[in-house]
Amino acid sequence: QVQLAESGGGSVQAGDSLRLSCAASGRTFSISRMGWFRQAPGKEREFLAAFTWSSGRTYHADSVKGRFTISRDNAKYTVYLRMNVLVPEDTAVYYCAAGGAYWDYDQARTYDYWGQGTQVTVSS
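Residues numbered from 1 in each chain as written. Predicted model: local features only at pLDDT ≥ 70, side-chain atom pairs only at ≥ 80, totals over all residues. Heavy atoms only, no water.

A. The arrangement of the pairing of strand β4 (residues 33-39) in detail. Among the seven residues of β4, six are classified as buried, and the element is accordingly described as predominantly covered. The hairpin formed by β4 and strand β5 (residues 46-52) contains six residues between the paired strands, and glycine 42 there has a positive phi angle of roughly 80°. (Buried < 20%, exposed > 50% of the residue type's maximum accessible area, 1.4 Å probe, protein only. Helix = DSSP H or I, 4+ residues; strand = E, 2+ residues; numbered from the N terminus. Pairing = 2+ DSSP bridges.)

B. Structural context of the sheet that holds strand β3 (residues 18-26). As summarised here, the arrangement of the four strands in space is β1-β3-β8-β7, forming an open sheet in which the pairing is antiparallel. Of all strands in the sheet, those bounded by a partner on one side alone are β1 (2-7) and β7 (68-73). Direction aside, neighbouring strands of the sheet carry axes that sit 20° apart on average. (Axes fitted to C-alpha atoms, helices over the stretch in contact; angles between N-to-C directions.)

C. Seen up close, unusual backbone geometry. Of note, tyrosine 77 is a non-glycine position whose phi angle comes to about 50°, a positive value. Inspection of the secondary structure assignment puts tyrosine 77 in the loop between β7 and β8 (78-83). Of note, valine 85 is a non-glycine position whose phi angle comes to about 50°, a positive value. Its place among the elements puts valine 85 in the loop between β8 and β9 (92-99).

D. Here's a closer look at the packing of aromatic side chains. Under the criterion given, the structure shown has nine aromatic pairs. Taking 5.6 Å as the distance between ring centres and 70° as the angle between the ring planes, the aromatic pair formed by phenylalanine 37 and phenylalanine 47 counts as edge-to-face. One end of the pair, phenylalanine 37, is in strand β4; the other, phenylalanine 47, is in strand β5, with ten residues separating them in the sequence. This pair shows no difference in class: phenylalanine 37 is buried, exactly as phenylalanine 47 is. Pairing phenylalanine 51 with tryptophan 53 gives two aromatic rings, centres 5.4 Å apart and planes at 65°, and the pair type is edge-to-face. (Phe/Tyr/Trp six-rings, centres within 6.5 Å; stacked < 30°, edge-to-face > 60°.)

E. Looking closely at the pattern of salt bridges. If you walk through the whole model with that rule in mind, you get four salt bridges. Between arginine 38 and glutamate 46 there is a salt bridge, with its nearest N and O atoms 2.9 Å apart. When its relative accessible area of 9% is taken as the criterion, arginine 38 is described as buried. By relative accessible area, which is 28% here, glutamate 46 ends up partly exposed. The shortest N-O distance in the salt bridge between arginine 109 and aspartate 104 comes to 3.3 Å. By relative accessible area, arginine 109 is classed as exposed at 64%. The partly exposed category is assigned to aspartate 104, whose relative accessible area is 33%. (Salt bridge = Lys/Arg side-chain N within 4 Å of Asp/Glu carboxyl O.)

Note that all results are geometric; they support no functional claim without further evidence.
Take a look at the structure:
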């Protein structure tokens, strides 16, 4: 079993920044990759970024490339999502995910564990 504990969401103004955190616990040895997704009301779950632990390679969706950055803390087995220059269109529930697959990092179905989700609301 793997547990994911998220934090960092909140209500901010356009142009502000947030850093989301996701700490993994349990059978962390089974985790090959962690990622971030978001889902706005009435929309499909959208891939944002992923991190492969063994190689340190990161992946970012084109839609947020340059504004969102994924990073990790090896000692704490925690992954972060730094979000800069937020706009109202970023308003959504943000989810941390973890899985054992190395492929299809942008597909939600390849992840085995999910956090509870944290709300991010951006107003102008």
